[in-house]
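Report on the structure
Next come the chains, spelled out residue by residue.
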Amino acid sequence: MTLHQNFIGGRFIPTDAGDRIDVFNPARDSKISEIPDTTAEGVAEAVAAATAAQRAWEKLPPIQRAGHLRQISAKIRDNAEEIARVISEEQGKILPLARVEAAFTADYIDYMAEWARRIEGEILPSDRPGENIFLFRQPVGVVAGILPWNFPFFLIARKMAPALITGNAIVIKPSEETPNNAALFARLVTETDLPEGIFNIVYGRGATTGKALTTNPDVRMVSFTGSVETGSRIMADAAQNICKMNLELGGKAPAIVTADADLDLAARAITQSRVLNTGQVCNAAERVYVDRTVAAAFTEKLVAAMKAVRYGDPLASEDLDMGPIINRAGLDKIDTLVKSAIGGGAEAVLGGKPADLGAGSHYEPTVLVNCRQDMEIIRKETFGPVLPIVEVDGLDEAIERANDTTYGLTSSIYTTNIGAALRAANELRFGETYVNRENFEAMQGFHAGRGKSGIGGADGKHGLLEYTETHVVYIQN
Ligand code: NAD
């Protein structure tokens, strides 16, 4: 059984301290590897390696840093099939999607490398004669990247690539559910000539390894993706060092279907959004508001689309639309929310319970009707293949209910009326709105949650600049 070793200062470091954590294949309930629960001492070693390496890295011209990033993306492309299988085995993603994740990761790194010549400062007009005011963009220093398990390989790059191109060093803590892909990422890095210490990985639980990272005084930025609860804890822990925060948290995305919508398109796209990665995507449609006049016709189409979803063990068949839920706790959470909705008057017109496939944590594709705004299934993140439907009377009510949430990551609307689309653009209080398409962001956009969905954002120019500090210099001649 492989016991992964932390990757620190360009080397794999055996550790005897701390507990071991078992890693499972969620489709088979079988143990596949182990990781150390790295203690504060191990974390400090990684942060020290990053700190020591960062100074020279910052001085490299950005175009040379881009060259290093492109070596990594080339290695990812050369090893894409192995990466996809590793992701699929530990996370339960279907192989075609795991292949997309590997390819997208390489493209994302190249995209961030393209910014090398555009990390631009500014020259500001001065109020004083003979003075120049310059605004420099400088790296933050050492970044801690703390990751969830749902797109584990891509999320390494989403943090590492913007951090490195802007001159930072990074210490990554993968989720304890999905460390194998991170170990593979580290191996690929060793096959490039990235300077030692710029990219480091430490494994362990949130409460031990994660907390040791966020409270380390030499970490100058925490870039976290995960749940609202953990984000809130991390903010409190990191407060003692006043370090920079980038929080990409959970969501409860509404999908609005208006009376004039193309119902076939809406049913297809909402299903696609909800089934992708077995519904375990932060921006996926989590609740549907359909105009009462088309509710019956839309529900029929949605049920037909969800019924056609094929699920099972991703490494046993390629003809699947989704795999298992990440673990038993995730499965139980989904089932509790569904049961509570049914107890409160909702009706499962499709699914509504865990699926018994002999092994693994699978959930049936589920459609719930007669849902109400006050139900937990409408208010809490479900993170599974469940679509609760609330009927509304017109666009005003749909927008009001969509905005009635503590989250604010993504939203969508299906309509053939340009006025309705524009009202949604102006009135929905979310970081992203998708009109007549499934929810999935582009790397040149800006993926950022409002409300409890987060602080700051990722991707594009604005995501890149999150990894910089501004330094304003006044020169009087
Ligand atoms: P999680 O919050 O349970 O864990 C995320 C990471 O935080 C793990 O690595 C965990 O070990 C670590 N952690 C836990 N406690 C910690 C602590 N006290 N200090 C430091 N680190 C700690 O989330 P998860 O179950 O892995 O992921 C699912 C969640 O992630 C969902 O809510 C989903 O919406 C969210 N997510 C958001 C985005 C986005 O871009 N907004 C993307 C993907 C996932």
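About the criteria used
Residues numbered from 1 in each chain as written. Predicted model: local features only at pLDDT ≥ 70, side-chain atom pairs only at ≥ 80, totals over all residues. Heavy atoms only, no water. Helix = DSSP H or I, 4+ residues; strand = E, 2+ residues; numbered from the N terminus. Rg over C-alpha atoms; globule rule 2.2 N^0.38 Å. Contact = heavy atoms within 4.5 Å. Areas by Shrake-Rupley, 256 points an atom, 1.4 Å probe, with all protein chains shown as cover. Lys, Arg positive; Asp, Glu negative; His and termini not counted. Charge placed at Lys NZ, Arg CZ, Asp CG, Glu CD. Near = heavy atom within 4 Å. Polar contact = N/O pair within 3.5 Å; in protein donor to acceptor, adjacent residues only side chain to side chain. Nonpolar A, V, L, I, M, F, W, Y, C, P; charged D, E, K, R; others polar. UniProt positions renumbered as here; feature names shortened; annotations may be inferred. Core = buried A, V, L, I, M, F, W, Y, C linked by side-chain atoms within 4.5 Å. Buried < 20%, exposed > 50% of the residue type's maximum accessible area, 1.4 Å probe, protein only. Expected span 1.5 Å × (residues − 1).

Let's shift gears to the overall build of the chain. Tallying secondary structure elements over the chain gives 15 helices and 24 strands in all. The C-alpha radius of gyration computed for the chain amounts to 23 Å, which stays within 12% of the reference 23 Å derived for 477 residues, consistent with globular compactness. Across its three principal axes, the chain shows a C-alpha extent of roughly 70 × 65 × 40 Å. In the chain, 73% of the contacts between residues at least 6 apart in sequence involve partners at least 24 apart. For the chain, the computed accessible surface area is about 18800 Å², with 51% contributed by carbon and sulfur atoms. Of note, the chain has its 48 positive side-chain charges centred 2 Å away from the centre of its 62 negative side-chain charges.

This part is about the site of the ligand. Taken together, 28 residues are adjacent to the ligand, and Leu 147, Glu 176, Ser 227, Thr 230 and Glu 381 come closest. Glu 381 places a polar side-chain atom, nitrogen or oxygen, 2.6 Å from an oxygen atom of the ligand. Relative to its free-state accessible area of 860 Å², the ligand is covered by the protein chains to the extent of 89%. In terms of residue class, the shell around the ligand is built from 11 nonpolar, 10 polar and seven charged.

With that out of the way, let us pick up the UniProt feature "active site" (unreviewed entry) in the chain. Mapped onto this numbering, the UniProt entry annotates "active site" (unreviewed entry) at Glu 248. Along the polypeptide, Glu 248 turns up in strand S11 (residues 244–248). If we skip the residues at most four places from it in the chain, Glu 248 touches Phe 224, Thr 225, Gly 226, His 447, Ala 448, Ser 453, Gly 456, Gly 457 and Ala 458.

The next point concerns the nonpolar core. Within the largest apolar cluster, 86 residues are counted, with the highest numbers of intra-cluster contacts made by Ile 76, Ile 109, Met 160, Leu 164, Phe 185, Phe 199 and Leu 213. No other element matches helix H5 (residues 152–165), which puts 10 residues into this core. Sequence-distant contacts of Leu 164, that is, excluding residues within four places in its chain, are made with Trp 57, Arg 65, Leu 69, Ile 170, Leu 194 and Ile 198.

What follows covers helix H9 (residues 263–275). Over its 13 residues, H9 extends 18 Å from the first C-alpha to the last, a length consistent with the 18 Å expected when each residue adds 1.5 Å. The buried fraction of H9 amounts to 10 of the 13 residues, a majority that puts the element mostly inside the structure. If you check which residues of H9 are buried, you get Leu 263, Leu 265, Ala 266, Ala 267, Ala 269, Ile 270, Thr 271, Ser 273, Arg 274 and Val 275. Where H9 is buried, its residues contact strand S12 (253–257), strand S13 (285–291), helix H10 (295–307), strand S18 (386–392) and strand S19 (410–414). Capping the start of H9 is the job of one residue whose side-chain oxygen sits 3.2 Å from the backbone nitrogen of Asp 264: Asp 262.

Structurally, Lys 93 can be placed in the loop between helix H3 (80–91) and helix H4 (95–113). There is a polar contact of 2.7 Å between the side chain of Lys 93 and the side chain of Gln 91. A polar contact of 2.7 Å, which involves the side chain of Lys 93, links it to the backbone oxygen of Asn 150. Filtering out sequence-adjacent residues up to four positions away, Lys 93 remains in contact with Ile 87, Ser 88, Ala 98, Glu 101, Asn 150, Phe 151, Pro 152, Asn 277 and Pro 314.

Within the secondary structure, Ser 361 is located in the loop between strand S15 (354–355) and strand S16 (362–363). Aside from chain neighbours lying at most four places away, what touches Ser 361 is Pro 26, Asp 29, Pro 324, Ile 325, Ile 326, Asn 327, Arg 328 and Leu 331.

Notably, Asn 277 is not glycine yet its phi reads approximately 55°, a positive angle. When you line up the elements, Asn 277 lands in the loop between H9 and S13. Taking relative accessible area as the criterion, Asn 277 reaches 3% and is therefore assigned buried. Although it is not a glycine, Phe 383 sits at a positive phi angle of roughly 55°. Of note, Phe 383 is situated in the loop between helix H12 (376–379) and S18. Residue classification places Phe 383 among the buried residues on the basis of a relative accessible area of 16%.

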